[in-house]
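Coordinate analysis (summary)
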Amino acid sequence: MTGGGNTTEITYFILLGFSDFPRILAVLFAVFLLIYILTLTWNLGLIILIRMDSHLHTPMYFFLSNLSFIDVCYVTSTAPKMLSNFFQEQQTITFVGCAVQYFVFSTMGLSESCLMTAMAYDRYTAICNPLLYSSVMSPTLCIQMVLGSYLAALSASISQLCAMFQLHFCGPNVINHFFCDMPQLLILSCTDTFLVQLLLAILAMIFGIINAFIIMISYGFIVMSIMKITSAKGRSKAFNTCASHLTAVSLFYTSSIFVYLSSSSGGSSSFDRFASVFYTVVIPMLNPLIYSLRNKEIKDALKRLQKKRWYC
C-alpha cells in the first residue's frame, strides 16, 4: 500500500482462494492440478490432431481447434496462480498482475462466446443449406469469423481494462476468490462504480444475451430442418452433428450466468467459488471430450495417426 496525504492507495490484493478449507487443501490442490494437466493435454492434443490430419481440415474442426486454443489460454489465466497460492502463506497479487489476469480471462471468455456463435452458424449452414455449405463456409469466411471473435473480445476487454484503471482502492484489499474478477474488485473500490457497472451490463448484453439469442435462432432453424428429414437414420445423423456443440454451449452459458448472477453483489461464498471452478477450469477440460467421444471423424483420425506411428 502507498500513502499520499490522507489517502492510502492499494497496490496489491490478497486472494483468499480456498484457504478457509485448510483440512482439504492438499486434496483440492491435487484435484485442480490433475484437471489443469488434463485440460492442457486434451486440448493441445486435439489441436495437434486436427493440424496433422488433412481429413479434419474443414470449417467445423478449424473452429474446434480455435476453441481448444481459447480453452488453454482461458484456464491458464487463472489455474497456475490458483495452484501456486496453495503453498503461500500470503496469497497476494499486484494490482497490475490482477489487471493482466482479468484481461486475459475476459478476452478468452468473450472470444469463446463469439466462437460458439460462429460454430452455431456453421452447423446451421451444414444442416439447413448442405448443398451450399462448401461455398458459404469458405476458408476466408471462417478466418474472418475467428478473427472477428478475437478482435471483438479484445476490444471489450480493453474497454474493461481502461475502466478498471479508473478505479481507486483505498480500503480493504482482500478478494474472497481464487482469481481477480470484476464483481469482487468493484466492491473494494473507493470510487463510484456506476459507469463500470453500466459498461459490464452493455457487454453482457452484447456478448451474452445477443450471442445466446443468435445461437437459439440457429438451432430453431436446425430443429425445423431435422424434423423435415423422413428417415430416422438421417435425423439421428443430423442431430449428432449438433449435439456436442449444443451440450458445450449449454454448459458454458448456464454455468457463467449462474455464477455471475449469484456473485453480482460482489461477494463470493464458498459455493460460488467452487461453481466458478466449474466454468473456469472444468468446462475447458470437458470441451475436447464433448466434441471427441462420439465423433467418428476424430476416432478415425486417431486410428490413422496410430497406423502412421506403427509404420514409422
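These numbers were taken from a predicted model, which means no experiment stands behind them.

This part takes up a nonpolar patch on the surface. Where nonpolar side chains cluster on the molecular surface, the patch consists of Phe194, Leu195, Leu198, Ile202, Met205, Ile206, Ile209, Ile210 and Ile214 and spans about 840 Å² of accessible area. Inspection of the secondary structure assignment puts Ile202 in helix α8 (residues 194-228). According to the relative accessible area criterion, Ile202 is partly exposed, its value standing at 43%.

Let us look at the confidence of the model for the protein chain. Across the protein chain, pLDDT averages 89, with 94% of residues at or above 70. Mean pLDDT in the protein chain bottoms out at strand β1 (residues 2-4), which sits at 52, and peaks at helix α2 (residues 59-76), which reaches 97.

Here we take up helix α4 (residues 95-128). In this model, α4 (34 residues) spans 49 Å end to end at C-alpha, consistent with the 50 Å of a helix rising 1.5 Å per residue. Burial runs high along α4: 25 of the 34 residues are buried.

On to the packing of α4 against helix α10 (residues 270-292). A packed helix pair is summarised by two numbers, namely the angle formed by the two axes and the spacing between the axes. Two elements in contact, α4 and α10, have axes separated by 13 Å at closest approach and are oriented at 30°. As summarised for this structure, α4 and α10 are arranged roughly parallel, according to the angle between their axes. The two elements α4 and α10 cross, and the hand of that crossing is left-handed. Residues Phe105, Glu112, Met116 and Met119 of α4 lie in contact with α10, whose contacting residues are Tyr279, Thr280, Asn287 and Tyr291. Residue classes in the contact of α4 with α10 are distributed as 5 nonpolar, 2 polar and 1 charged.

On to the state of the cysteines. Taken as a whole and judged by the stated rule, the model has 2 disulfides. At a sulfur-sulfur separation of 2.0 Å, the disulfide partner of Cys98 is Cys180. One quick way to see it: the torsion about the S-S bond of Cys98 and Cys180 is about -125°, and its sign makes the bridge left-handed. On the criterion of sequence distance, the pair formed by Cys98 in helix α4 and Cys180 in the loop between β5 (174-175) and α7 (182-188) is long-range, its members being 82 residues apart. Cys180 shares its class with Cys98; the two are buried. A disulfide bridge connects Cys170 with Cys190, and the sulfur atoms are separated by 1.9 Å. Disulfide Cys170 to Cys190: torsion about the S-S bond roughly -130°, handedness left-handed. Here Cys170, found in the loop between α6 (139-165) and β5, pairs with Cys190, found in the loop between α7 and α8; they are 20 residues apart in sequence, far enough to count as distant. Of the residues examined, Cys190 reaches a relative accessible area of 40% and is grouped as partly exposed.

The next thing to look at is the pattern of salt bridges. Evaluated as defined, the whole model comprises 4 salt bridges. A salt bridge links Asp122 to Arg123; its shortest N-O distance comes to 2.9 Å. The same class applies to Asp122 and to Arg123, which are both buried. Residue Lys296 is joined to Asp300 by a salt bridge in which the shortest nitrogen-to-oxygen separation is 3.0 Å. Highlighted residues: Lys296 and Asp300, both in helix α11 (residues 296-311), separated by 4 residues, approximately one helical turn.

A word on the packing of helix α1 (residues 25-52) against α2. Taken N-terminus to C-terminus, the directions of α1 and α2 make an angle of 155°; their axes are 9 Å apart at the nearest point. Our classification of the angle between α1 and α2 gives roughly antiparallel. Note that α1 runs across α2; the crossing there is left-handed. Together, Tyr36, Thr39, Leu40, Asn43, Leu44, Leu46, Ile47 and Ile50 of α1 and Tyr61, Leu64, Ser65, Ser68, Phe69, Asp71, Val72, Val75 and Thr76 of α2 make up the contact between the two elements.

Here we have 3 strands laid out as an open sheet, ordered β4-β3-β5, and mixed in their pairing. Single-partner strands in this sheet number two, and they are β4 (92-94) and β5. Looking at chain direction, strand β3 (residues 12-15) and β5 are connected through 2 bridges and run parallel. Bridge pairing in β5 places Ile14 opposite Val174. Sheet strands touched by α4: β3 and β4. Its angle to β4, the strand with the most contacts, is close to 85°.

Calculation rules
Residues numbered from 1 in each chain as written. Predicted model: local features only at pLDDT ≥ 70, side-chain atom pairs only at ≥ 80, totals over all residues. Heavy atoms only, no water. Patch = residues over 30% accessible without salt bridge, like charges linked within 9 Å, V, L, I, M, F, W, Y side chains within 5 Å. Areas by Shrake-Rupley, 256 points an atom, 1.4 Å probe, with all protein chains shown as cover. Salt bridge = Lys/Arg side-chain N within 4 Å of Asp/Glu carboxyl O. Helix = DSSP H or I, 4+ residues; strand = E, 2+ residues; numbered from the N terminus. Buried < 20%, exposed > 50% of the residue type's maximum accessible area, 1.4 Å probe, protein only. pLDDT = per-residue confidence, 0-100. Expected span 1.5 Å × (residues − 1). Axes fitted to C-alpha atoms, helices over the stretch in contact; angles between N-to-C directions. Parallel < 35°, antiparallel > 145°, perpendicular 65-115°, else oblique. Left-handed = near helix turned anticlockwise from the far one by under 90°. Contact = heavy atoms within 4.5 Å. Nonpolar A, V, L, I, M, F, W, Y, C, P; charged D, E, K, R; others polar. Disulfide = S-S within 2.5 Å. Pairing = 2+ DSSP bridges.

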